[in-house]
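Next come the chains, spelled out residue by residue.
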Amino acid sequence: MSESSAKAVADAAAAAVASVAGEAGGWRRATGLAGAAIGVLAAGAAAGVAIERMTVGRGVRRKARLALDSTGPYGALRGTPGKAYADDGTELYYEVDDAEPEGGPAPRRRRLFGRKAPAPVTVVFSHGYCLSQDSWHFQRAALRGVVRTVYWDQRSHGRSGRGVAQRRDDEPLTIEQLGRDLKAVIEAAVPEGPMVLVGHSMGGMTVMALAAQYPELIRERVVATALVGTSSGRLGEVNFGLPLAGVNAVRRVLPGVLKALGQQAALVEKGRRATADLFAGIIKRYSFASRDVDPAVERFAERMIESTPIDVVAEFYPAFTDHDKTEALTYFEDMPVLVLAGVRDLITPSEHSEAIADLLPEAELVLVPDAGHLVMLEHPEVVTDRLADLLTRVGAVPAGATVSGYGSTSSAARRG
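Model, not experiment: these values are computed from the prediction.

(A) Expanded view of the overall build of the protein. Along the backbone of the protein there are 17 helices and eight strands. Burial statistics for the protein: of 416 residues in total, 53% are counted as buried. Of all intrachain contacts in the protein linking residues separated by at least 6 positions in sequence, the fraction that spans at least 24 positions is 81%.

Written out as structure tokens, the structure reads:
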């Protein structure tokens with residue numbers, strides 16, 4: 001990509017955001033930095049795509065987005081709702097999908113006096129940064145009725161409440177806090193019985209933080225773990241696929257830019273709408289790697305990310321640099337573990353998954369070619385297949401059970 005193309009995208013981003021900002025001098029400076037940071041990302045990501053989008057009429061693009069939103073079935077699956085409360089009072093929303101008994105309605109339960117039937121295995125899914133529980137759509141569709149599952153929204157994401165400690169007390173968000181949030185969800189939704197923990201990206205970090213703070217819970221109740229597109233630390237070294245000069249610029253300005261933008265959330269949200277097409281190109285670049293992705297899946301990912309308020313984006317970002325849970329991996333040594341990543345993941349590169357697998361030599365390491373950060377949406381058949389195998393190995397899914405219906409993200413395939 002040429003320097004002129006990169007400059008065009010940077011100029012377009014800065015102009016679009018600044019057009020909403022008003023007359024305040026300080027805010028103009030913040031949006032200028034934002035435009036620069038966005039321009040660097042776009043230049044390394046999808047400047048050609050973004051410019052191409054800008055040549056299409058805005059009305060046409062809006063109608064296309066509305067059409068995809070109305071026809072795409074992704075994220076429409078719902079379960080039995082529940083609420084848990086974090087240690088700071090934050091309301092955490094979760095849903096439960098119960099397993100269906102074989103052969104129709106549940107038979108009459110019979111048990112000997114004094115003996116309690118063992119609780120079924122429950123699979124708890126934790127999603128990533130700027131996403132929601134709906135990011136597990138394909139896996140949820142495949143496992144629905146086969147095994148008891150719990151899906152929850154991280155604080156300030158999806159249907160969960162905004163972080164009380166962050167809004168009321170101005171406390172920085174930490175990965176440790178997310179681990180305690182997961183503990184609260186488990187206490188509410190899975191008070192007893194064995195569990196399998198599944199985490200993508202920030203969700204995987206949340207699982208590690210749970211282990212670091214509650215190792216007895218891991219030893220006593222967790223029978224298997226799946227870590228998808230995640231990292232145990234050293235995220236400050238990730239280059240996001242940018243050249244050295246570009247990544248240094250992003251690292252230098254992005255934390256301050258996000259903080260400034262978070263303080264002007266209302267204006268920035270207007271700017272995000274004004275630059276929706278530019279951001280769509282960036283989101284696609286950093287979410288997917290293959291070219292043949294169903295446009296409705298791309299739009300579904302955009303919608304989840306767009307729904308995360310800019311002040312939440314700013315609130316969470318610094319926690320990743322401080323994240324280091326390498327030592328916590330030792331608590332997963334004596335159980336089946338699946339470590340899976342997309343080879344072309346620019347957010348949490350597959351080398352981070354390889355590093356996790358090196359510390360867990362008995363773990364199954366799966367590297368998916370032609371896959372980016374949202375591998376569970378891009379190649380759901382691979383993720384679901386390996387997850388089903390893990391669940392079968394620990395007896396969560398009967399060996400003869402059929403796990404299917406996970407669909408495909410190929411634009412030529414039927415959506416499901």
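Moving on from the coordinates now.
(B) How the structure looks around the nonpolar core. Judged by nonpolar contacts, the single largest core of 45 residues is most densely connected at Phe 125, Val 196, Val 198, Leu 340, Leu 377, Leu 387 and Leu 391. The element that contributes the greatest number of residues to this core is helix H13 (residues 295-306), accounting for six residues. Once you skip the residues sitting within four places of it in the chain, Val 198 turns out to touch Val 123, Val 124, Phe 125, Ser 126, Trp 136, Ala 226 and Leu 387. Of all hydrophobic cores here, the second largest spans 34 residues; its members include Ala 184, Tyr 214, Val 337 and Ile 356.

(C) How the structure looks around helix H17 (residues 380-393). Taking 1.5 Å as the rise per residue, H17 with 14 residues should run 20 Å; its terminal C-alpha atoms sit 20 Å apart, in good agreement. Considered for burial, the residues of H17 that qualify are Pro 380, Val 383, Thr 384, Arg 386, Leu 387, Ala 388, Leu 390 and Leu 391. Two residues or fewer after H17 comes Gly 395, characterised by a positive phi angle close to 80°.

(D) Representation of empty space enclosed by the protein within the structure. Applying the stated criterion to the full structure yields one cavity of 30 Å³ or more. For the largest cavity, the calculated volume is near 40 Å³. Every residue along the wall of the largest cavity is listed here: Gly 75, Ala 76, Leu 77, Gln 133, Asp 134, His 137 and Arg 140. Grouping the constituent residues of the lining of the largest cavity by class yields two nonpolar, three polar and two charged.

(E) A look at the pairing of strand S2 (residues 91-97). By the criterion of burial, S2 is predominantly enclosed, with six of the seven residues buried. Count of turn residues in the strand S1 (residues 80-85)/S2 antiparallel hairpin: five residues, of which Gly 89 carries a positive phi of about 95°. Both S2 and strand S4 (residues 148-152) contribute to a ladder of four bridges, which runs antiparallel. Note that in S4 the partner of Glu 95 across the bridge is Tyr 151.

(F) The arrangement of the packing of aromatic side chains in detail. One pass over the structure, following the stated rule, counts six aromatic pairs. Ring centres of Tyr 74 and Phe 300 lie 6.0 Å apart, and the angle between their planes is 35°; this geometry places the pair in the tilted category. Within this pair, whereas Tyr 74 is found in the loop between helix H4 (58-71) and S1, its partner Phe 300 is found in helix H13, the two being separated by 226 residues in sequence. Every member of this aromatic cluster is reached through a ring pair, and the members are Tyr 74, Phe 138 and Phe 300.

(G) Expanded view of the pattern of salt bridges. Summed over all chains, the structure comprises 25 salt bridges. Between Arg 78 and Glu 95 there is a salt bridge; the shortest N-O distance is 2.8 Å. Here the residue Arg 78 occupies a position in the loop between H4 and S1, and Glu 95 occupies one in strand S2, the gap between them amounting to 17 residues. Residue class for Arg 78 comes out partly exposed when judged on its relative accessible area of 27%. Across the pair Arg 299 and Glu 302 runs a salt bridge whose closest N-O atoms are separated by 3.3 Å. Of this pair, Arg 299 and Glu 302 are both found in helix H13, three residues apart, which corresponds to roughly one turn of the helix. In this structure, Arg 299 and Glu 302 share a single accessibility class: buried. One connected set of salt bridges, linked through shared partners, spans Arg 78, Glu 95, Asp 97, Asp 134, Arg 140 and Arg 144.

(H) A look at the environment of Ala 314. Checked against the element boundaries, Ala 314 lands in helix H14 (residues 310-322). By relative accessible area, which is 15% here, Ala 314 ends up buried.

(I) Fine view of helix H15 (residues 350-359). Those residues of H15 that sit buried are Ser 350, His 352, Ser 353, Ile 356 and Ala 357. The buried residues of H15 occupy an angular sector of 155° when the element is viewed end-on, so they sit on one face. H15 presents Glu 351 and Asp 358 as exposed residues on the side facing more than 90 degrees away from its buried surface. Contact partners of the buried residues in H15: helix H8 (202-213), strand S6 (222-228), strand S7 (337-342) and strand S8 (364-368).

(J) Spotlight on the side chain of Gln 133. With respect to the secondary-structure elements, Gln 133 resides in the loop between strand S3 (122-126) and helix H5 (137-143). In this structure Gln 133 touches Arg 78, Tyr 93, Tyr 94, Glu 95, His 127, Arg 140, Tyr 151, Trp 152 and Asp 153, once residues within four positions along its chain are discounted.

(K) Highlighting unusual backbone geometry. You will see that Cys 130, though not glycine, has its phi angle at about 65°, which is positive. Mapped onto the elements, Cys 130 comes out in the loop between S3 and H5. Under the relative-accessibility criterion, Cys 130 is labelled buried at 8%. Its identity as a non-glycine residue notwithstanding, Ser 156 has a phi of 70°, on the positive side. You can call Ser 156 buried: its relative accessible area is 6%.

(L) The arrangement of the environment of Ala 401 in detail. By secondary structure assignment, the location of Ala 401 is in the segment after H17. Between the C-alpha atom of Ala 401 and that of Ala 388, which follows or precedes it by 13 residues, the distance is 9.7 Å.

Conventions we followed
- Residues numbered from 1 in each chain as written.
- Predicted model: local features only at pLDDT ≥ 70, side-chain atom pairs only at ≥ 80, totals over all residues.
- Heavy atoms only, no water.
- Helix = DSSP H or I, 4+ residues; strand = E, 2+ residues; numbered from the N terminus.
- Buried < 20%, exposed > 50% of the residue type's maximum accessible area, 1.4 Å probe, protein only.
- Contact = heavy atoms within 4.5 Å.
- Core = buried A, V, L, I, M, F, W, Y, C linked by side-chain atoms within 4.5 Å.
- Expected span 1.5 Å × (residues − 1).
- 1 Å grid on protein atoms, 1.4 Å probe; cavity = no way out; pocket = protein on both sides within 12 Å on 5 of 7 lines; lining within 4 Å.
- Points joined across faces, edges and corners; volume = space filled by probe spheres on them.
- Nonpolar A, V, L, I, M, F, W, Y, C, P; charged D, E, K, R; others polar.
- Pairing = 2+ DSSP bridges.
- Phe/Tyr/Trp six-rings, centres within 6.5 Å; stacked < 30°, edge-to-face > 60°.
- Salt bridge = Lys/Arg side-chain N within 4 Å of Asp/Glu carboxyl O.
- Arc of directions from axis to C-beta.

Just distances and angles here, no functional claims.
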